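Structural overview for review
So the chains spell out like this:
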Amino acid sequence: MSLSFDPDRLPLPNGHFIGDRLIPAEDGLPRLPMHRPSDGRAYADCPVASADLVDQAVATAQAALKSSNWGGLRPRDRTAVLQRWAALIEEEAETLAKVEALSSTRPVGQLVAGDVAVTAEQIRFFAEFADKEGGDLVPTDDGSLGMVMTEPYGVVGAITPWNFPLSMAGWKLGPALAAGNAVVLKPSEMTPFSTVLLAHLAVKAGLPAGLINIVQGDGPTTGAAITRHPGIAKVSFTGSTAAGSAIMADIARSGVKPMTLELGGKSPQIVFADADLDKAAAAIATSVLSNAGQACVAGSRLLVEAGVAEPLVERILGHMRAVRPGPTWDAETRYSPIISERQRARIHSIVSASLTGPVECLTGGGPMDAEGYFYAPTLLAGVDQTSPAVVEEIFGPVLTVQSFDSEEEAMALADHPTYGLAAGLYTRDLSRALRLTRRLQAGTVWVNRYGRSRDHILPTGGYKRSGIGKDLGREAYLANRRSKSVLIGL
């Protein structure tokens, strides 16, 4: 089986998915032009769902919840349906990977082995919570019986980003459905197609039609219609901090409802002199080069003990200089393009603004000489805490390096004024690792490694302006159920 494919001959499910069918674009509404990141060519238009269409999707979800009694089913029945869905995702891995690779920054080979497989695992993981998490009997006096009951919210509104379209959809759909809810989901207007296929497969697996509805569009029109809708009981969003702040404000203006926000990061990677430098260099380079740094947890700030700074940087440069660009539809491609020309220009503007005074660009520093929106892996030395490349979330393959002489200095450099999503720590000293893990202001800390594994039990979410609440883990399931206190007199 060859995963490479012709990008001009791939059929696309272009439209909204409401109930159990594809809905074409509404008449009279604008369509958003789409360009392939790998070659910059226009290839499709994304429809924009109006507030009326979002209202139709919410009504469809509410009707499906009522007719199927999805939230009131025997929990194991929900589990069985979701497990069949996960199996279909695996069976259709090649199709899902090709559709996602066309519009996104994810190489098709990495999608089959990574994103698609992980999405199926996530669905299975959350499916098992349906009959294993419930309420509690709580201690009260002898004359009463106290209980904490949990129940679904109803219709959950979800908005997902463009950098990992399939797995981000799995983050939202898996726990919400397992917990007994329906979902109205808006994928990014730059990468909408694989999420539509995911919804098709859910219905094929036996999920009652209408429990998943996919509406396409932009944030100001379609996204706002979701967050403001009175029939949406909870909102779950993954994306930039700026967009998350706008969603919070939008919800506050239109009412009060719970929300989960997984937002931006500017994560430090702290390397002490006793670390395994080869292992650290490989992990650090991978975190910045994977998906060309287009990940909220990208470890984009290297903080290294002064005595080993030079040999560590040389090792990282070796990894960076070895990458080769290639289209996402080539099974041999390992290095991703940037999602758009606009995003690539933003990356370059931050890099250029940072090249002042003692700052030195050790490699990269500009777009690559290749078709498409590729940016060269870049390493900036000599930066300080005021450098734009240190302050701003770049969302590209750019690493800054700073050195320190003590633990206290390392912690001071690591503490970012805005973000606290993740951090990496490299040391052979277990006591130091445990001590500093407690001090790091980050929702996730990796020690002697960097990046998520397939241990879906570990939740993800940030401190500071990196978010509210958690995705993944038991916490994500519980965040999709609301609690009710009951006291019965005996």
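Keep in mind the model is a prediction, meaning the values are calculated, not measured.

Some details on the overall build of the chain
The helix and strand inventory of the chain stands at 15 helices and 22 strands. Taking 490 residues into account, the globule formula puts the C-alpha radius of gyration at 23 Å, and the chain, at 23 Å, falls close to it. Oriented by its inertia axes, the alpha-carbon framework of the chain measures out at about 70 × 65 × 45 Å. Burial statistics for the chain: of 490 residues in total, 57% are counted as buried. For the chain, long-range pairs separated by at least 24 residues make up 75% of all intrachain contacts whose partners lie at least 6 apart in sequence. A total of about 19200 Å² of accessible surface is found on the chain, and carbon and sulfur atoms cover 53% of it. Side-chain charges in the chain split into 46 positive and 52 negative, and the spacing between the mean points of these groups amounts to 3 Å.

Comments concerning the sheet that holds strand β14 (residues 360-363)
Strand order in this open sheet of seven strands is β14-β15-β16-β13-β12-β18-β19, and the pairing throughout is mixed. Each having just a single partner strand, β14 and β19 (444-447) make up the two edges of the open sheet. Going across the sheet, the axis of each strand differs from the next one's by a mean of 25°, ignoring polarity. In terms of strand pairing, strand β18 (residues 422-426) meets β19 through four bridges, oriented parallel. Residue Ala422 lies in a different strand from β19, and its bridge partner there is Thr444. Along the sheet, helix α13 (residues 407-414) contacts β12 (268-271), β13 (301-305) and β16 (398-404); its crossing angle with β16, the most-contacted strand, is approximately 150°.

Details of the pattern of salt bridges
Throughout the structure, instances matching the rule amount to 29 salt bridges. The salt bridge partner of Asp20 is Arg21, with a shortest N-O separation of 3.3 Å. The shortest N-O distance in the salt bridge between Lys172 and Asp471 comes to 3.3 Å. Note that Lys172 is positioned in helix α5 (residues 165-178) and Asp471 in the loop between β21 (467-468) and α15 (473-478), a separation of 299 residues in sequence. Both residues of the pair, Lys172 and Asp471, count as buried. Residues participating in the shared-partner salt-bridge network are Asp8, Arg36, Asp39, Arg41 and Glu371.

Comments concerning the packing of helix α7 (residues 219-228) against helix α8 (residues 241-254)
Look at α7 against α8: their axes get within 9 Å of each other, and the N-to-C directions meet at 50°. When the axes of α7 and α8 are compared, the pair comes out oblique. The two elements α7 and α8 meet at a crossing, and its hand is right-handed. Along its contact with α7, which presents Ala224, Thr227 and Arg228, the element α8 presents Ile247, Asp250, Ile251 and Ser254. Looking at the contact of α7 with α8, its residues break down into three nonpolar, two polar and two charged.

As for the pairing of strand β3 (residues 31-35)
Pairing of β3 with strand β4 (residues 42-47) involves five bridges; the strand directions are antiparallel. From the neighbouring strand, Met34 faces β4, where its bridge partner is Ala44.

Looking at the packing of aromatic side chains
The tally for this structure, following the rule as stated, stands at eight aromatic pairs. Through a chain of ring-to-ring contacts, the aromatic side chains of Phe125, Phe126, Phe129 and Tyr477 assemble into a single cluster. The ring of Phe272 has Arg432 sitting right over it, with the charged end atom 4.1 Å from the ring centre.

With respect to unusual backbone geometry
Not every positive phi belongs to a glycine, and Asn69 is a case in point at roughly 55°. For Asn69, the position within the fold is in the loop between α1 (51-68) and α2 (75-91). For Ala292, which is not a glycine, the phi torsion comes out positive at approximately 50°. When you line up the elements, Ala292 lands in the loop between α9 (277-289) and β13.

Details of empty space enclosed by the protein
In this structure the tally under the stated criterion is two cavities of 30 Å³ or more. Roughly 70 Å³ of internal volume is contained in the largest cavity. Taken together, Val156, Trp171, Lys172, Pro175, Lys234, Ser236, Thr260, Lys470, Asp471, Ala476, Ala479 and Asn480 form the lining of the largest cavity. When contributions to the lining of the largest cavity are tallied by element, the ones reaching two or more residues are α5 and β10 (234-238). Counting residues per element, the lining of the largest cavity draws most heavily on α5, which supplies three residues. Of the residues contributing to the lining of the largest cavity, the split by class is five nonpolar, three polar and four charged. In this structure, the second largest cavity encloses a volume near 60 Å³. In terms of lining, the second largest cavity is formed by Gly265, Lys266, Gly293, Ala295, Cys296, Ala298, Ser300, Glu393, Ile394, Phe395, Gly396 and Val398. Class assignment for the residues of the lining of the second largest cavity results in six nonpolar, four polar and two charged.

Basis of the calculations
Residues numbered from 1 in each chain as written. Predicted model: local features only at pLDDT ≥ 70, side-chain atom pairs only at ≥ 80, totals over all residues. Heavy atoms only, no water. Helix = DSSP H or I, 4+ residues; strand = E, 2+ residues; numbered from the N terminus. Rg over C-alpha atoms; globule rule 2.2 N^0.38 Å. Buried < 20%, exposed > 50% of the residue type's maximum accessible area, 1.4 Å probe, protein only. Contact = heavy atoms within 4.5 Å. Areas by Shrake-Rupley, 256 points an atom, 1.4 Å probe, with all protein chains shown as cover. Lys, Arg positive; Asp, Glu negative; His and termini not counted. Charge placed at Lys NZ, Arg CZ, Asp CG, Glu CD. Pairing = 2+ DSSP bridges. Axes fitted to C-alpha atoms, helices over the stretch in contact; angles between N-to-C directions. Salt bridge = Lys/Arg side-chain N within 4 Å of Asp/Glu carboxyl O. Parallel < 35°, antiparallel > 145°, perpendicular 65-115°, else oblique. Left-handed = near helix turned anticlockwise from the far one by under 90°. Nonpolar A, V, L, I, M, F, W, Y, C, P; charged D, E, K, R; others polar. Phe/Tyr/Trp six-rings, centres within 6.5 Å; stacked < 30°, edge-to-face > 60°. Lys NZ or Arg CZ within 6 Å of the ring centre and 35° of its normal. 1 Å grid on protein atoms, 1.4 Å probe; cavity = no way out; pocket = protein on both sides within 12 Å on 5 of 7 lines; lining within 4 Å. Points joined across faces, edges and corners; volume = space filled by probe spheres on them.

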